[in-house]
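Architecture at a glance
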Amino acid sequence: MKNKFDVAIVIIRSNDDKRKFLFIQSRGAEENDFWYFPHDIILPNQGSLDAAVKIVLKQTDIRCRILSKEEVVCKDSLGTELHFVLAEQIYGRPTPLHSTIKNIRWCTKEEIRHLLDTDLPCEVWQLME
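All of these numbers come straight from a predicted model, not from anything done at the bench. (Residues numbered from 1 in each chain as written. Predicted model: local features only at pLDDT ≥ 70, side-chain atom pairs only at ≥ 80, totals over all residues. Heavy atoms only, no water.)

With that out of the way, let us pick up a nonpolar patch on the surface. A cluster of nonpolar residues, Phe5, Ile41 and Leu43, forms a patch on the protein surface that exposes about 300 Å² of accessible area. Using a relative accessible area of 51% as the deciding quantity, one classes Leu43 as exposed. (Patch = residues over 30% accessible without salt bridge, like charges linked within 9 Å, V, L, I, M, F, W, Y side chains within 5 Å. Areas by Shrake-Rupley, 256 points an atom, 1.4 Å probe, with all protein chains shown as cover. Salt bridge = Lys/Arg side-chain N within 4 Å of Asp/Glu carboxyl O. Buried < 20%, exposed > 50% of the residue type's maximum accessible area, 1.4 Å probe, protein only.)

Applying the stated criterion across every chain yields a total of eight salt bridges. Where Glu88 meets Arg65, a salt bridge forms, and the shortest distance between an N and an O atom there is 2.8 Å. Separated by 23 residues along the polypeptide, Glu88 in strand β6 (residues 81-91) and Arg65 in strand β5 (residues 63-75) bring together distant segments of the chain. The exposure class of Arg65 is partly exposed, given its relative accessible area of 43%. The residue Lys109 makes a salt bridge to Glu129 at a minimum N-O spacing of 2.3 Å. One end of the pair, Lys109, is in helix α2 (residues 109-115); the other, Glu129, is in the segment after α3 (122-127), with 20 residues separating them in the sequence. Among the residues examined, Lys109 registers a relative accessible area of 15% and is labelled buried. We classify Glu129 as exposed; its relative accessible area is 65%. (Helix = DSSP H or I, 4+ residues; strand = E, 2+ residues; numbered from the N terminus.)

Glancing now at the state of the cysteines. A full pass over the atoms with the stated rule returns zero disulfides. With no disulfide partner, Cys122 has as its closest neighbouring cysteine sulfur the one in Cys74, 10 Å distant. (Disulfide = S-S within 2.5 Å.)

Bringing the packing of aromatic side chains into the picture now. Summed over all chains, the structure comprises three aromatic pairs. Between the aromatic rings of Phe23 and Phe37, the centroid separation amounts to 4.9 Å while the plane-to-plane angle is 70°, which identifies the pairing as edge-to-face. In this pair, Phe23 sits in strand β2 (residues 21-26) while Phe37 sits in the loop between β3 (34-36) and β4 (39-42), placing the two residues 14 residues apart along the sequence. Just as Phe23 is buried, Phe37 falls in that class too. Judged by centre distance (5.7 Å) and plane angle (40°), the ring pair of Phe34 and Tyr36 falls under tilted. When its relative accessible area of 12% is taken as the criterion, Tyr36 is described as buried. Members of the aromatic cluster, joined through ring pairs, are Phe23, Trp35 and Phe37. One cation-aromatic arrangement involves Arg105 over Trp35; the distance from NZ or CZ to the ring centre is 5.3 Å. Here the basic side chain of Arg113 rests over the ring of Trp125, its NZ or CZ set 4.0 Å away from the ring centre. (Phe/Tyr/Trp six-rings, centres within 6.5 Å; stacked < 30°, edge-to-face > 60°. Lys NZ or Arg CZ within 6 Å of the ring centre and 35° of its normal.)

Let us now look at the side chain of Arg13. Relative to the helices and strands, Arg13 resides in strand β1 (residues 6-13). Lacking a salt bridge, the buried Arg13 has Glu88 as its closest oppositely charged neighbour, with an N-O distance of 5.4 Å. Excluding residues that lie within four positions of it along the chain, Arg13 makes contacts with Lys18, Lys20, Phe21, Leu67, Leu86, Ala87, Glu88, Gln89, Trp106, Leu127, Met128 and Glu129. (Lys, Arg positive; Asp, Glu negative; His and termini not counted. Contact = heavy atoms within 4.5 Å.)

Judged by nonpolar contacts, the single largest core of 20 residues is most densely connected at Ile11, Phe23, Phe37, Phe84, Ile112, Leu120 and Met128. Listing elements by their share of this core, those giving two or more residues are β1, β2, β6, α2 and α3. Those residues within four positions of Phe84 in sequence are excluded, and the remaining contacts are Ile9, Ile11, Glu71, Val72, Cys74, Leu120, Val124 and Leu127. Tyr36, Cys64, Val85 and Ile104 belong to the second largest nonpolar core, which has 13 residues in total. (Core = buried A, V, L, I, M, F, W, Y, C linked by side-chain atoms within 4.5 Å.)

And the structure:
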């Protein structure tokens, strides 16, 4: 029996500018907003690639396709497996579909490095090449 959750984190490349990726700003507690890639828990009996497409649609109204079955898997400090998946926008305009989402925008890797509150493994940055 599985007693922990795995998380799919989706890096979506813009179909208009291959150097830009979808990034979300969330309304944090006490005005501590933070930025992140679309992500959510991988449900039991669901693969990370299947979860990725649904996560992006559910959070941003963007339709995307997985670019590679290769993914970067690492663990956070709590032991949760994080599955980084690279996808590409097929169509749709980024739309915040939850009240906790403050902003959605296309960012370069340099902008993402500046906006992130944490370091990503180098394999994730390589996935974005």
